[in-house]
Amino acid sequence: MAATELAIPQGWDEITPQWITAALAPHFPGAEVGDLRVVLRDDGTNRRARLALDYVAGSGPATVFGKAVDPEHADLVALTSGLYHEPRLFSSGVTLPLDHPAVYAAIIDEDRRDFLMIMEDVVARGADPRDSTRPLTVEEAASGVRGLARLHGAYWGSRLTGRPELGWVEPFVAFSGLEYAPLHIAHERLGDTVPSAVLALSGTELFVDIWARYIGTLTAAGTPPTLLHGDPHIGNTYVAPDESGAPNVGFLDWQMVRRGSFSLDLGYFLQGALTTADRRGHERDLLAEYRRALPLPDDEVPTEQDVWLGYRASVAHGLAIWMATLSGGDAWQRPDICLAFAQRYAAAFVDLETPDAIDAISA
């Protein structure tokens, strides 16, 4: 039975050796799983698990990673990212020219509002998943920038709009409701660790006048669209050595895949992945690295000025998302992760004069 024809088990403990054998068969022909165990479970906005596999015939991965819908959060995921975007992306057959986990099976059951993905456990090949409390080095960030440039260049302009298999990819638009976040909670947690100009912003100013206005520029007329990861903060990355042993940054969690301006991915990644000191000292060089790595004809490469302007404006996204997340208390992320993000984006917001950059793009 092909993986796409499999029914979705309704719990990790209901996955059988026969089921996982069929899911892996297209990638590991002849492999037969004799036993499997759930060795890690992490159920949050989505349900995740690491499965250890033993084989009675052939060979395959010793562990795989599973991701599925959490029914209690299905409405929220559908509103903010989309339930089926990630499995649709990996079922489309397109190539993503940057490091990401191999996906062995991506199954969608729209009648039950459910999906299940079985994918590579990148830790098994030496990958080191990161979060905001463990920032990237400048060298590692450069690897991530080059990966994003390869992705964006491969689907720049008509290279995306001319791909019918990606016709379902939605534009990046502002979702409603962030303006109701209880910002006083974030302000109390941040104290005097961020510039006063950030603490002075009301919910309407931050989420409507700044964030939603920036998001609107991503799909403005005349802006070349590209395929966006959509959520490439450091918590969705890992560092793994490449064939030469150099650090190579890969990207997890493609549930927010969208189309729009390159600036969202580039800024959201860099501003949150580096310490503020490293970002201040190296962002210009890293933006130049991005432009050099774009596999585009010279007449399609955005100018240095356009990259800089879009990068400056993009701080609006990181600041809004993580101020809202921090305002949610401990419901979505650990407080230390939220604080590190909010502090970095707040510093960048002031350093890069983000409202002025949004004005310039919108003019």
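Bear in mind the structure is a predicted one, so any value in this text is a computation, not a measurement. (Residues numbered from 1 in each chain as written. Predicted model: local features only at pLDDT ≥ 70, side-chain atom pairs only at ≥ 80, totals over all residues. Heavy atoms only, no water.)

## Some thoughts on the nonpolar core
Consideration 1: Core analysis: the biggest nonpolar cluster contains 80 residues, and Leu227, Leu270 and Met323 have the highest contact counts within it.
Consideration 2: Discounting residues that sit within four places of it in the chain, leucine 270 has contacts with Ala141, Val145, Arg279, Leu286, Leu287 and Tyr311.
Consideration 3: Of all hydrophobic cores here, the second largest spans 21 residues; its members include Ile8, Ile20, Ala23 and Tyr104. (Core = buried A, V, L, I, M, F, W, Y, C linked by side-chain atoms within 4.5 Å. Buried < 20%, exposed > 50% of the residue type's maximum accessible area, 1.4 Å probe, protein only. Contact = heavy atoms within 4.5 Å.)

## Notes on the sheet that holds strand 5 (residues 114-120)
Consideration 1: With respect to topology, five strands assemble into an open sheet ordered 1-2-3-5-4, the strand pairing being antiparallel. Strand pairing shows two members of the sheet lacking a second neighbour, strand 1 (32-43) and strand 4 (103-109), which therefore form its edges. On average, adjacent strands in this sheet sit at an angle of 20° to one another, irrespective of strand direction.
Consideration 2: Together, strand 1, strand 2 (46-57), strand 3 (63-69), strand 4 and strand 5 form the strand contacts of helix 1 (residues 17-24), whose direction differs from that of strand 1 by roughly 90°. (Pairing = 2+ DSSP bridges. Helix = DSSP H or I, 4+ residues; strand = E, 2+ residues; numbered from the N terminus. Axes fitted to C-alpha atoms, helices over the stretch in contact; angles between N-to-C directions.)

## Structural notes on the packing of aromatic side chains
Consideration 1: Across all of its chains, the model carries ten aromatic pairs by this definition.
Consideration 2: With a centroid separation of 5.7 Å and 25° between ring planes, the pair formed by phenylalanine 262 and tyrosine 290 is classed as stacked. Of the two residues, phenylalanine 262 is situated in the loop between strand 10 (258-260) and helix 9 (263-273) and tyrosine 290 in helix 10 (residues 276-293); the sequence distance between them amounts to 28 residues. Just as phenylalanine 262 is buried, tyrosine 290 falls in that class too.
Consideration 3: Ring pairing ties together the aromatic residues Tyr268, Trp322, Phe341 and Tyr345, which thus form one cluster.
Consideration 4: When the ring centre of tryptophan 12 is taken as reference, the NZ or CZ atom of arginine 47 above it lies at 5.4 Å.
Consideration 5: Over the ring of tryptophan 308 we find arginine 284, and its NZ or CZ is 3.6 Å from the ring centre. (Phe/Tyr/Trp six-rings, centres within 6.5 Å; stacked < 30°, edge-to-face > 60°. Lys NZ or Arg CZ within 6 Å of the ring centre and 35° of its normal.)

## Focus on the side chain of histidine 229
Consideration 1: Here histidine 229 lies in the loop between strand 7 (226-228) and strand 8 (237-241).
Consideration 2: Its relative accessible area of 0% is what places histidine 229 among the buried residues.
Consideration 3: In this structure the side chain of histidine 229 is engaged in a polar contact, spanning 3.0 Å, whose partner is the backbone nitrogen of aspartate 231.
Consideration 4: Of note is the side chain of histidine 229, whose polar atom sits 2.7 Å from the backbone oxygen of leucine 252.
Consideration 5: Excluding residues within four positions of it along the chain, histidine 229 makes contact with Leu151, Asn236, Phe251, Leu252, Asp253, Trp254, Met256, Val257 and Asp265. (Polar contact = N/O pair within 3.5 Å; in protein donor to acceptor, adjacent residues only side chain to side chain.)

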